[in-house]
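Tertiary structure, described
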Amino acid sequence: MPTEPETDYDPELGRKFIFVTGGVMSGLGKGITAASTGRLLKNAGFDVTAVKIDPYLNVDAGTMNPFQHGEVYVLKDGGEVDLDLGNYERFLDIDMTFDHNVTTGKTYQHVIEKERAGDYLGRTVQIIPHITDDIKRRIREAAEGNDVCIIEVGGTVGDIEGMPYLEALRQFAHEEDEDDILFTHVTLVPYSKNGEQKTKPTQHSVKELRSIGLQPDILVGRCSDKLDIDTKEKIALFCDVPTEAVFSNPDVDDIYHVPLMVEEEGLDEYVMQELDIASEALPEDERENRWRDLVTQQTEGEVEVALVGKYDLEDAYMSVHEALKHAGLEKNVDVNVRWVNSEKMSDHHADRMREADAIVVPGGFGARGTEGKIDAIQYARENDVPFLGLCLGFQMAVVEYARNVLDLDDAHSAELDEDTPHPVIDILPEQYEIEDMGGTMRLGAHETDIDSNTLAATLYGGESCTERHRHRYEVNPEYIDDLEAAGLKFSGRAGNRMEILELAPEVHPYFIGTQFHPEFRSRPTRASPPFVGLLEAVLGDDPHTVTTEEVSH
Ligand code: GLN
């Protein structure tokens, strides 16, 4: 077979690469371990980025069901990606781009398009080298400009889907200096009935890895406790690594404590030593420690927030949970999120909502559960309960106001009721002709102009903000004047698109909705203003006057 290697990438791009694979089973939290290691490298002064490899055939996560995959995370460039990228953005405090999510769909699509364009004329197009070359190119390009790039391979070693990636990594290691590459394998170390930590699953999964030519440099054992020294020695012996290269990753209540635990185990120092960058790290006393200070501070009090949505799955609203947590870190309180099923507002779920201090209605698609969301918004509005509506939550706040204040009885969003006589939320004009579902919404970061002397201006500390979007529908311009005359103020706009709504402070202590998703830019060290305002309203600091620190939003 003619298989000339195709070299359309620049082998000099990027510097140090940490590959992270998983064994035994998925869902071990290898992304969090990897992101935590990255956080510590960042604290030590290195520029760190990450790539998430998702070996599925979808081109991106945009069309995937949140119930199966958790939320679709949106990047500033509009990339709709796996929620793990959200963790990397939050842990590393970076903005990634669509190129940082490598999927099988994307890779094959690119190679097949090149084949159709005649770029491989005369040659047989194959997984090796064409797909593997494309994978390597993507990793190197995403790493460009950084000191360290962490590459997490989704799934588990042995999955058929993952094979081309592992082969690409093998070649990658072959092409780079040994000092520049580190393979970390995360596995499960279960307990036997008689309380013994079992290493067999780890041994088997490393054996599998080695059979495809990959020898891990570091092993991380997920276990409910720390690994015993005997366990580490056994893993070291059977997997052919030094005992110092075996690390524990015990269960913790709060993922933001994982960096502290990784540090305690010395994983970061080991990584720096193996990558030969330890001498370039900042001395311990000069390292960034804001993260540690924030996540270990003694909180004072607790705020209960009702999240009114249709999915009983924390991952489906992951960034909203995280953004609430960040606001809690900023206001020094614990935030308890209670899920309220918007399809069951007629039973005890409505009571659960009423017991909460604040109400959040998050984004969503489709009619299911929307009447419950509208009821929740009406309850918040009429009972002075601090309220934040996000995307669909913003749209439903407009519908609620139109129905109950403007008396437009059957007002609705055209997405949810095509025949409504009052489509107060309607399809974006540019969407009329679009038929494809993938990547065709209004996506990514867009600037919003904010009116002065509004709640939004106080929250954002200025007259503009740039936040991420993911929607197909928006406020219908025909109803804006009537809604505003009745007291619903659109305080943020992008051209003639309505981006932020709010009620005046005389009318409600905190009622705000955003067409964008502020949760995607929230970071532990930089909480998102609308979320901080929500907690301030609960805590009795008037968010209409408290100016949150200027946080470059
Ligand atoms: N379904 C609504 C729209 O497409 C809201 C989207 C969302 O909440 N992300 O406009």
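Residues numbered from 1 in each chain as written. Predicted model: local features only at pLDDT ≥ 70, side-chain atom pairs only at ≥ 80, totals over all residues. Heavy atoms only, no water.

**Side note on the pairing of strand S20 (residues 497-502)**
Of all six residues making up S20, six are buried, and the element is well covered by its neighbours. Both strand S19 (residues 489-494) and S20 contribute to a ladder of five bridges, which runs antiparallel. Note on S20: the bridge partner recorded for lysine 489 is glutamate 502. Turn length for the S19-S20 hairpin, with the two strands adjacent in sequence and antiparallel, is two residues, and the turn residue glycine 495 shows positive phi of about 60°. Relative to strand S21 (residues 511-514), S20 runs antiparallel, the two being bridged by three bridges. Directly across from isoleucine 500, in S21, lies its bridge partner threonine 514. (Buried < 20%, exposed > 50% of the residue type's maximum accessible area, 1.4 Å probe, protein only. Helix = DSSP H or I, 4+ residues; strand = E, 2+ residues; numbered from the N terminus. Pairing = 2+ DSSP bridges.)

**Some remarks on the nonpolar core**
Soluble globular proteins: nonpolar side chains tend toward being buried together. If you look at the biggest cluster of nonpolar residues, it comprises 56 residues, and the most contacted ones within it are Ile18, Leu41, Phe46, Tyr88, Ile150, Ile218 and Val271. Of all the elements, helix H1 (residues 30-43) adds the most residues to this core, at five residues. The next biggest cluster of nonpolar side chains, apart from the first, holds 40 residues, and it includes Val340, Ala376, Leu408 and Leu501. (Core = buried A, V, L, I, M, F, W, Y, C linked by side-chain atoms within 4.5 Å.)

**A word on empty space enclosed by the protein**
A probe as big as a water molecule, rolled over the atoms, marks out the empty space that is left. Per the stated rule, a full pass over the model turns up five cavities of 30 Å³ or more. By volume, the largest cavity amounts to about 70 Å³. Residue assignment for the lining of the largest cavity shows that the elements contributing at least two residues are strand S1 (16-22), H1, strand S7 (181-188) and helix H10 (267-274). Classifying every residue of the lining of the largest cavity gives seven nonpolar, three polar and no charged. Each pocket or cavity is described by its volume, and for the second largest cavity that value is around 50 Å³. In terms of lining residues, the second largest cavity is bounded by Thr21, Gly22, Val153, Gly154, Gly155, Thr156, Val157, Gly162 and Leu166. By residue class, the composition of the lining of the second largest cavity is three nonpolar, six polar and no charged. (1 Å grid on protein atoms, 1.4 Å probe; cavity = no way out; pocket = protein on both sides within 12 Å on 5 of 7 lines; lining within 4 Å. Points joined across faces, edges and corners; volume = space filled by probe spheres on them. Nonpolar A, V, L, I, M, F, W, Y, C, P; charged D, E, K, R; others polar.)

**Notes on the UniProt feature "binding site: ATP" (unreviewed entry) in the protein chain**
Per the UniProt entry, the sites bearing "binding site: ATP" (unreviewed entry) are Gly27, Leu28, Gly29, Lys30, Gly31, Ile32, Asp84 and Val252 in this numbering. Within the secondary structure, isoleucine 32 sits in helix H1. Tracing the chain through its elements places aspartate 84 in helix H3 (residues 84-92). (UniProt positions renumbered as here; feature names shortened; annotations may be inferred.)

**What about the side chain of arginine 338?**
Positionally, arginine 338 belongs in strand S11 (residues 334-341). Looking at arginine 338, the relative accessible area reads 17%, which means it is buried. Side chain to side chain, arginine 338 and glutamate 304 meet in a polar contact 2.9 Å long. If we ignore the near neighbours within four places in the chain, the residues touching arginine 338 are Glu304, Val305, Ala306, Leu307, Arg352, Glu355 and Ala356. (Polar contact = N/O pair within 3.5 Å; in protein donor to acceptor, adjacent residues only side chain to side chain. Contact = heavy atoms within 4.5 Å.)

**Points about the packing of aromatic side chains**
A full pass over the atoms with the stated rule returns ten aromatic pairs. Put simply, the rings of Phe17, Phe19, Phe172 and Phe183 touch in pairs and so form one group of aromatic residues. The residue whose ring lies beneath lysine 106 is phenylalanine 98, and the NZ or CZ to ring-centre distance is 3.4 Å. The lysine or arginine in question, arginine 140, covers the ring of phenylalanine 172, its NZ or CZ lying 4.1 Å from the ring centre. (Phe/Tyr/Trp six-rings, centres within 6.5 Å; stacked < 30°, edge-to-face > 60°. Lys NZ or Arg CZ within 6 Å of the ring centre and 35° of its normal.)

**Re helix H8 (residues 229-239)**
Turning to H8, its buried residues number three or more, namely Thr231, Lys232, Ile235, Ala236 and Cys239. Looking straight down H8, one finds its buried side chains confined to an arc of 135°; they lie on one side. Along H8, exposed side chains directed more than 90 degrees from the buried face belong to Ile229, Asp230 and Leu237. Residues of H8 that are buried in the fold lie against helix H7 (200-211), strand S8 (218-223), strand S9 (246-250) and helix H9 (258-265). One or two steps after H8, the chain reaches aspartate 240, where phi turns positive at roughly 65°. (Arc of directions from axis to C-beta.)

**Regarding the pattern of salt bridges**
Summed over all chains, the structure comprises 43 salt bridges. In this structure, aspartate 82 and lysine 52 form a salt bridge, with 3.4 Å as the shortest nitrogen-oxygen distance. Of this pair, aspartate 82 sits in the loop between strand S4 (80-81) and H3 while lysine 52 sits in strand S2 (residues 48-54); the two residues are 30 residues apart in sequence, bridging distant segments of the chain. Looking at lysine 52, the relative accessible area reads 3%, which means it is buried. Lysine 325 serves as the salt-bridge partner of aspartate 254, at 3.0 Å between the closest nitrogen and oxygen. Of this pair, aspartate 254 sits in the loop between S9 and H9 while lysine 325 sits in helix H12 (residues 318-331), and the two are 71 residues apart along the sequence. A residue is classified by how much of its surface remains accessible, and aspartate 254, at 22% relative accessible area, is partly exposed. (Salt bridge = Lys/Arg side-chain N within 4 Å of Asp/Glu carboxyl O.)

**Digging into the sheet that holds strand S14 (residues 412-413)**
Overall, mixed pairing links the three strands, which are arranged S14-S15-S18 in an open sheet. Of all strands in the sheet, those bounded by a partner on one side alone are S14 and strand S18 (473-475). In this structure, strand S15 (residues 423-427) lies alongside S18, joined through three bridges in antiparallel fashion. Bridge pairing in S18 places isoleucine 427 opposite tyrosine 473.

**Side note on the UniProt feature "binding site: CTP" (unreviewed entry) in the protein chain**
Following the UniProt record, one finds the feature "binding site: CTP" (unreviewed entry) at Ser26, Asp159, Ile160, Glu161, Lys198, Thr199, Lys200, Pro201, Thr202, Gln203 and Lys234. Judged by maximum C-alpha separation, these annotated positions cover 209 residues in sequence and are scattered in space, the widest gap reaching 30.4 Å. Within the secondary structure, serine 26 is located in the loop between S1 and H1. As for its position among the elements, proline 201 is in helix H7. Excluding anything up to four places from it in sequence, proline 201 contacts Val24, Leu188 and Pro190.

**Digging into the packing of H7 against H8**
Geometrically, a packed helix pair is captured by the angle between its two axes and the distance between the axes. At a closest axis distance of 10 Å, the pairing of H7 and H8 adopts a crossing angle of 25°. The orientation of H7 relative to H8 falls into the category roughly parallel. Note on packing geometry: the crossing formed by H7 with H8 is right-handed. Contact residues: H7 offers Thr202, Gln203, Val206 and Arg210, while H8 offers Ile235, Phe238 and Cys239. (Axes fitted to C-alpha atoms, helices over the stretch in contact; angles between N-to-C directions. Parallel < 35°, antiparallel > 145°, perpendicular 65-115°, else oblique. Left-handed = near helix turned anticlockwise from the far one by under 90°.)

**Notes on helix H15 (residues 392-404)**
For H15, which comprises 13 residues, the first-to-last C-alpha distance of 18 Å matches the rise-based estimate of 18 Å (1.5 Å per residue) to within 8%. Here H15 lies mainly inside the structure; twelve of its 13 residues are buried. Burial in H15 covers these residues: Leu392, Gly393, Phe394, Gln395, Met396, Ala397, Val398, Val399, Glu400, Tyr401, Ala402 and Arg403. (Expected span 1.5 Å × (residues − 1).)

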